[in-house]
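Here is what each chain is made of, one letter per residue.
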Amino acid sequence: MALQWFPGHMHKALKEIKESLNQVDILIEVLDARIPYSSENPEIAKIRGDKPCIKILNKYDLADPEITARWQESLEKERGVKTITTSSDNPGNSKQIMQLAKSICSYKEGQPKAIKAMITGIPNVGKSTLINILADRIIAKTGNEPAVTKSQQRINLGSGIILFDTPGVLWPKLENPHSIYRLASSGAVKNTAMEYDDVGFFAADYLIKAYPEVMKERYKLDELPDTEIEFLEAAAKTRGAIQAGGRVNLHKICEILLKELQSGKLGRITLETPEMLEVEKEEVALEAAKKAEAKAKRKAKFKTGSLTPDKKDRKEKREEKRQEQSRRMKKNKPLRNEH
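Cut-offs used in this document
Here the residue index of a chain counts from 1 through its sequence in written order. A pLDDT threshold of at least 70 governs which residues receive local features in this predicted model, and a stricter bar of 80 or more applies before side-chain atom pairs are shown or counted, although totals over entire chains, interfaces and linings include all residues. Computation of side-chain values: all heavy atoms of the structure, hydrogens and water removed. The helix and strand labels rest on DSSP assignments: H or I over at least four residues marks a helix, E over at least two residues marks a strand, and numbering proceeds from the N terminus. Under the scheme applied here, a residue whose accessible area is under 20% of the maximum for its type counts as buried, over 50% as exposed, and between as partly exposed, the area being computed with a 1.4 Å probe on protein chains only. Contact criterion: two residues are considered in contact whenever any of their non-hydrogen atoms come within 4.5 Å of each other. Computed with the Shrake-Rupley method and a 1.4 Å probe, the accessible areas treat only the protein chains shown as cover for residues. Distance thresholds for patches are 9 Å for like charges and 5 Å for nonpolar side chains (Val, Leu, Ile, Met, Phe, Trp, Tyr), applied to residues having over 30% relative accessible area and no salt bridge. What makes a salt bridge here is a side-chain nitrogen of Lys or Arg within 4 Å of a carboxyl oxygen of Asp or Glu, nothing more. Residues counted as positive are Lys and Arg, residues counted as negative are Asp and Glu, and His and the chain ends are not counted. Where a charge sits is defined by one atom per residue type, namely NZ (Lys), CZ (Arg), CG (Asp) or CD (Glu). Axes here mean lines fitted to C-alpha atoms, for a helix over just the part in contact, with angles spanning 0 to 180 degrees between N-to-C directions. By definition in this entry, angles of less than 35 degrees are roughly parallel, angles greater than 145 are roughly antiparallel, angles of 65 to 115 are roughly perpendicular, and the rest are oblique. Pairing of aromatic side chains here covers Phe, Tyr and the six-membered ring of Trp, requires ring centres within 6.5 Å, and sorts the geometry by plane angle: under 30 degrees stacked, over 60 edge-to-face, intermediate tilted. Among buried residues, those of type Ala, Val, Leu, Ile, Met, Phe, Trp, Tyr and Cys that are joined through side-chain atoms within 4.5 Å constitute a nonpolar core. The pLDDT value expresses, per residue, how confident the predictor is, ranging between 0 and 100. Take the number of residues in a helix, subtract one, and multiply by 1.5 Å to get its expected span. When DSSP finds at least two bridges between two strands, those strands are taken to pair. By convention, orient the strands away from the viewer: a clockwise path from the first strand over the helix to the second makes the crossover right-handed.

**Quick notes on the overall build of the protein**
In step 1: Regarding its fold elements, the protein presents 13 helices and six strands.
In step 2: Counting across all 339 residues of the protein, residues that qualify as buried make up 42%.
In step 3: Within the protein, contacts between residues at least 6 apart in sequence are counted, and of these 69% link residues at least 24 apart.
In step 4: Total accessible area computed for the protein in this model is approximately 19400 Å², and 50% of it derives from carbon and sulfur atoms.

**Looking at a positive patch on the surface**
In step 1: Residues Lys173, Lys291, Lys295, Arg298 and Lys299 make up a contiguous surface patch of positive charge.
In step 2: Examined against the element boundaries, Lys291 turns out to sit in helix H12 (residues 274-304).

**Digging into the packing of helix H10 (residues 228-239) against helix H11 (residues 250-263)**
In step 1: Orientation of H10 relative to H11, taken along the N-to-C sense of each, is 90°, at an axis distance of 9 Å. Compared by their axis directions, H10 and H11 come out roughly perpendicular. On H11, the residues that touch Ile229, Leu232, Ala235, Ala236 and Arg239 of H10 are Leu250, Ile253, Cys254, Ile256, Leu257 and Glu260.

**Description of the packing of aromatic side chains**
Ring pairs (aromatic) are described by centroid distance and by the angle formed between their planes.
In step 1: Overall, the coordinates contain two aromatic pairs when judged by the stated rule.
In step 2: On the numbers, 5.0 Å between centres and 20° between planes, the contact of Tyr181 with Phe202 is stacked. With Tyr181 in helix H7 (residues 177-186) and Phe202 in helix H8 (residues 196-210), this pair connects stretches of sequence that are 21 residues apart.
In step 3: Here Tyr181 falls in the buried class, since its relative accessible area comes to 17%.
In step 4: Ring plane angle 90° and centroid distance 5.5 Å describe the contact between Tyr219 and Phe231, whose orientation is recorded as edge-to-face. Placement of Tyr219 in the loop between helix H9 (212-218) and H10 and of Phe231 in helix H10 is noted, with a sequence separation of twelve residues between them.
In step 5: For Tyr219, a relative accessible area of 1% translates into the label buried.
In step 6: Judged by relative accessible area, Phe231 falls into the buried class, the value being 1%.

**Topic: the nonpolar core**
For soluble globular proteins, nonpolar side chains are generally found buried alongside one another.
In step 1: Counting residues in hydrophobic clusters, the biggest one holds 63 residues, and the most contacted among them are Leu207, Phe231 and Leu257.
In step 2: At seven residues, H8 tops the list of elements feeding residues into this core.
In step 3: What Leu207 contacts, discounting residues up to four positions off in sequence, is Pro212, Met215, Leu257, Leu266, Ile269 and Leu271.
In step 4: By size, the runner-up hydrophobic cluster in this structure holds twelve residues, among which are Ala13, Leu14, Ile17 and Val169.

**Quick notes on helix H6 (residues 127-135)**
In step 1: Most of H6 sits inside the fold, with eight of its nine residues counted as buried.
In step 2: Two residues or fewer after H6 comes Asp136, characterised by a positive phi angle close to 60°.

**A closer look at the confidence of the model for the protein**
In low-pLDDT segments, the atomic positions of the prediction should not be examined closely.
In step 1: Averaged over all residues, the pLDDT of the protein is 83; the fraction at 70 or higher stands at 83%.
In step 2: Predicted confidence is poor over residues 144-149, with pLDDT under 50, and the contacts of this stretch with residues over four places away or in other chains come to 19 contacts.

**So, the pattern of salt bridges**
In step 1: All chains considered together, the criterion is met by 15 salt bridges.
In step 2: A salt bridge links Glu278 to Lys281, with the nearest nitrogen and oxygen atoms 4.0 Å apart. Of the two residues, Glu278 and Lys281 are both situated in helix H12; the distance of three residues between them amounts to about one turn of the helix.
In step 3: Taking relative accessible area as the criterion, Glu278 reaches 46% and is therefore assigned partly exposed.
In step 4: Counted as one network, the salt bridges with shared partners bring together Glu29, Glu40 and Lys55.

**As for H8**
In step 1: Look at H8: 21 Å from first C-alpha to last across 15 residues, which is about the 21 Å you get at 1.5 Å a residue.
In step 2: Restricting attention to buried positions, one finds in H8 the residues Tyr196, Val199, Gly200, Ala203, Ala204, Tyr206, Leu207 and Ile208.

**Thoughts on the pairing of strand E3 (residues 81-85)**
In step 1: Among the five residues in E3, four count as buried, and that is most of the element.
In step 2: Where strand E2 (residues 53-58) lies against E3, five bridges are found, and the strand directions are parallel. Bridging across to E3, Cys53 finds its partner in Val81.
In step 3: The parallel pair E2 and E3, bridged by helix H3 (residues 65-75), forms a crossover whose chirality is right-handed.

**Section: the pairing of strand E4 (residues 115-121)**
In step 1: Burial of E4 is extensive: six of the seven residues sit out of reach of the surface.
In step 2: Strand direction decides the pairing type here: strand E1 (residues 26-32) and E4, joined by five bridges, are parallel. Bridging from a neighbouring strand, Leu27 pairs with Met118 of E4.
In step 3: Here five bridges tie E4 to strand E6 (residues 161-165), and the two strands are oriented parallel to one another.

**Thoughts on the sheet that holds E3**
In step 1: Reading across the sheet, the six strands line up as E3-E2-E1-E4-E6-E5 and stay open at both edges, with mixed pairing between neighbours. Strand pairing shows two members of the sheet lacking a second neighbour, E3 and strand E5 (153-158), which therefore form its edges. Shown here is a sheet whose adjacent strand axes are inclined to one another by a mean of 25°, direction ignored.
In step 2: On the sheet, H3 packs against E1, E2 and E3 and is oriented at approximately 165° with respect to E3.
In step 3: Where helix H5 (residues 96-104) meets the sheet, its contacts fall on E1, E2, E3, E4, E5 and E6, and the angle it forms with E2 comes to roughly 165°.

As C-alpha cells, then:
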C-alpha cells in the first residue's frame, strides 16, 4: 500500500524531541489501546534510554479489555515502564497519570524544582484530548484527524508538574508491513493518504477471523463467509453498497467497514495481540536477514563484475591462455650475446 508516511515537519519534530528529552524526568507515551505495538514509536524507544516511562493505553473504551490486560502485562516487562488505561469518557482515570508520575519520580520530593514530563504519541491517538483533561482547561487543539499539534509547548499542570507537549510523530521506516495497515485501519493516518479498498480488505480479513460473531451480527449475515472478498460482497448487499447493474461497490463497503471500526460501532475491537506480534517480529527479522544476505551478494557481485558463470569461465580461460603465451615467449626469447 502506497502511503505518504513521513512528512518533513515530522523529521523536525523528532529532532526537537531528541534535544529536549534530556531535560525531562519522565516520558509519557500515548498509545492506541487497539494497536499498542503499531502505535508505539520505535524512534522514541531508541532515545529513551533508562528514563522512566508511563505508557498510556488510550481509547481503552474502543479496545478489547481482555487483550488490553495482556498488553499491559507484556509492556511492563520492559525496564522502567508502567502502564495505565484511559479514555475520553473516563477523565477520572486520566488523573491517575499525575499521581503515577509523582510516585515514579519520588526522588525529587523535597526539591524546589517541579517534575518535568514529556508527552509523546503518534497522530490521532488522543494525546491532545488527554492533555486538556490533565490541565482542566483547553490547552491543546483537538480534532478527529492526525497531526493537529504542530509544535512543542510547555504546560504547567499545577501540583508540581510541567508537561512538555510534542507534535504527533511517525517514524521514517516501518519494518512490520502489517503495522501500516493497522495504523490505517484505526485512523492514525489521514484518509487522503490511504486506499480504502486496500485497507478494507486487510481489516475484513482480520475481523472475520478474530471477531466472527461480531461481524456476523453487525452485518446481518446468516453465515459468515470464509474469505474477506466474500464477506465484503455479502456485507455490501445488506448495506446497500451496490452499483447500477447489481455490481458490488467495494470502495463503499470498505469505507463503511473502516468508519464503523474507527468509531466503535463494531464494539470493542483490538487489531493485534502480544502473541501475534512475537510471530511477526520473527518474520520481520527473517526477512531482514534475507535482505542483508541479498545485499551482500550484490556487493560481492559488483566487486567481481556482473559476469554470468559461463562468461566468468571464458574469462578465466582467456587469462590462463594469455599467461601460458607469456611463459612460452619468455622461454623462447633468444639470449643476448655477451662480449
